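As a plain string of letters, each chain reads:
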Amino acid sequence: KQKQLGNYEPWWYGIFGNDNTETVNRRSLSGVRVTDTTALTFSACWGATYKIASTLASLPCQLLEEGEGQGWNRVRGDNRAYLVNERPNPDMDAFVFWEMMIASLVNCGNAYAEKQYINGKLAALWPVHASRVRPDYEDDGTLFWVVEGNVKKDGKSEAERIEAADMLNLVG
C-alpha cells in the first residue's frame, strides 16, 4: 500500500520550504531559514530567476496533441491553445503567467495552476504559489491536491481539495 503523503509529520514539508503550518520552524545548519521568498532577496538569485523566467516566458508555446499513428499535431483554434499562448486568465497575459510559473519551477521545484471551468469548458488557469500546495492520496492511491490558505468570504482561512485533473502541475 502506498504511504499517504498527508500522514507525514508537519516538519517534513518544512524541510523543503513548504511550511504551511505555524509549527514548522526549521533552520539550516547556519541558523538561517532559507525559502524561495528569502532567497529572492539576494540580487544574484533574483537576477538569475528573472533571466531564466523572462527568457523562457518570451518563447512561443505550442500546444500539441498525439496524432494518429506516430507523431504530434499542433492544436490550433482551440480555447486551450488560446489560454496557453494569449490569456491564461482575465488578470494576466501569457508572458506574465509563464514568467510566474517558471520562477516557481526554478525556485520551488514545482509550479501549480488551478484550472477553472465554465459550463464544462476550460476557461482559465490561475497560478497557485507552491508553498500553498501539497499532494495527498485517497486510500486507493488516487492523487489529489490540498491548497492551504484559501480565504473564504467570512474571512476564515481553510484548506481546499483540488482533484488532480483540475490542477496543472509542472515538475522541475
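To start, this report covers the structure provided alongside it.

Membership of the largest hydrophobic core comes to 15 residues, with the highest contact counts inside it found for Phe97, Trp98, Met101, Ala113 and Leu125. A total of six residues in this core trace back to one element, the largest contributor, which is helix H5 (residues 94–108). Excluding residues that lie within four positions of it along the chain, tryptophan 98 makes contacts with Ala57, Val84 and Leu170. Counting residues in each nonpolar core, the second largest holds eight residues, with Tyr112, Val128, Ala130 and Trp145 among its members.

With a phi close to 55°, asparagine 119 is a non-glycine residue in the positive phi region. The topology assignment puts asparagine 119 in the loop between strand S3 (110–118) and strand S4 (121–128). Judged by relative accessible area, asparagine 119 falls into the exposed class, the value being 80%.

With 15 residues, helix H3 (residues 43–57) should reach 21 Å at 1.5 Å per residue; the first-to-last C-alpha distance of 20 Å fits that figure. For H3, the complete set of buried residues consists of Thr49, Ala53, Ser54 and Ala57. End-on, the buried residues of H3 take up no more than an arc of 110°, which puts them together on one face. Opposite the packed face of H3, turned more than 90 degrees from it, sit the exposed residues Ser43, Ala44 and Lys51.

We now examine the packing of H3 against H5. Any two packed helices are characterised by how steeply their axes cross, that is the angle between the axes, and by the distance between the axes. Axis separation between H3 and H5 bottoms out at 8 Å; the angle between their running directions is 135°. Taken together, the axes of H3 and H5 lie oblique to each other. As H3 runs across H5, the sense of the crossing is right-handed. Between H3 and H5, the contacting residues are Cys45, Thr49, Tyr50, Ile52, Ala53, Ser54, Leu56 and Ala57 on the first element and Phe95, Trp98, Glu99, Ile102, Ala103, Val106 and Asn107 on the second. In terms of residue class, the contact of H3 with H5 is built from eleven nonpolar, three polar and one charged.

Turning next to the sheet that holds strand S8 (residues 167–171). Taken in spatial order, the three strands make up an open sheet running S4-S3-S8, and their pairing is antiparallel. Each edge of the open sheet is held by one strand with a lone partner, namely S4 and S8. Geometrically, the sheet is characterised by an average inter-axis angle of 25° between neighbouring strands, direction not taken into account. Alignment of S3 against S8, held across five bridges, turns out to be antiparallel. Paired with alanine 111 across the bridge in S8 is leucine 170. Sheet strands touched by H5: S3, S4 and S8. Its angle to S3, the strand with the most contacts, is close to 140°.

It is worth spelling out the pattern of salt bridges at this point. Counted under the stated rule, the structure contains six salt bridges. Between aspartate 78 and arginine 80 there is a salt bridge whose closest N-O contact spans 3.0 Å. The exposure class of aspartate 78 is partly exposed, given its relative accessible area of 23%. Each of Glu65, Asp78 and Arg80 takes part in salt bridges that share partners, so that together they form one network.

Within the secondary structure, glutamate 86 sits in the loop between helix H4 (79–85) and H5. Between the C-alpha atom of glutamate 86 and that of cysteine 61, which follows or precedes it by 25 residues, the distance is 9.7 Å. Among all residues touching glutamate 86, those that are not within four sequence positions of it are Ala81, Asp93 and Ala94.

Procedures and definitions
- Residues numbered from 1 in each chain as written.
- Predicted model: local features only at pLDDT ≥ 70, side-chain atom pairs only at ≥ 80, totals over all residues.
- Heavy atoms only, no water.
- Core = buried A, V, L, I, M, F, W, Y, C linked by side-chain atoms within 4.5 Å.
- Buried < 20%, exposed > 50% of the residue type's maximum accessible area, 1.4 Å probe, protein only.
- Helix = DSSP H or I, 4+ residues; strand = E, 2+ residues; numbered from the N terminus.
- Contact = heavy atoms within 4.5 Å.
- Expected span 1.5 Å × (residues − 1).
- Arc of directions from axis to C-beta.
- Axes fitted to C-alpha atoms, helices over the stretch in contact; angles between N-to-C directions.
- Parallel < 35°, antiparallel > 145°, perpendicular 65-115°, else oblique.
- Left-handed = near helix turned anticlockwise from the far one by under 90°.
- Nonpolar A, V, L, I, M, F, W, Y, C, P; charged D, E, K, R; others polar.
- Pairing = 2+ DSSP bridges.
- Salt bridge = Lys/Arg side-chain N within 4 Å of Asp/Glu carboxyl O.

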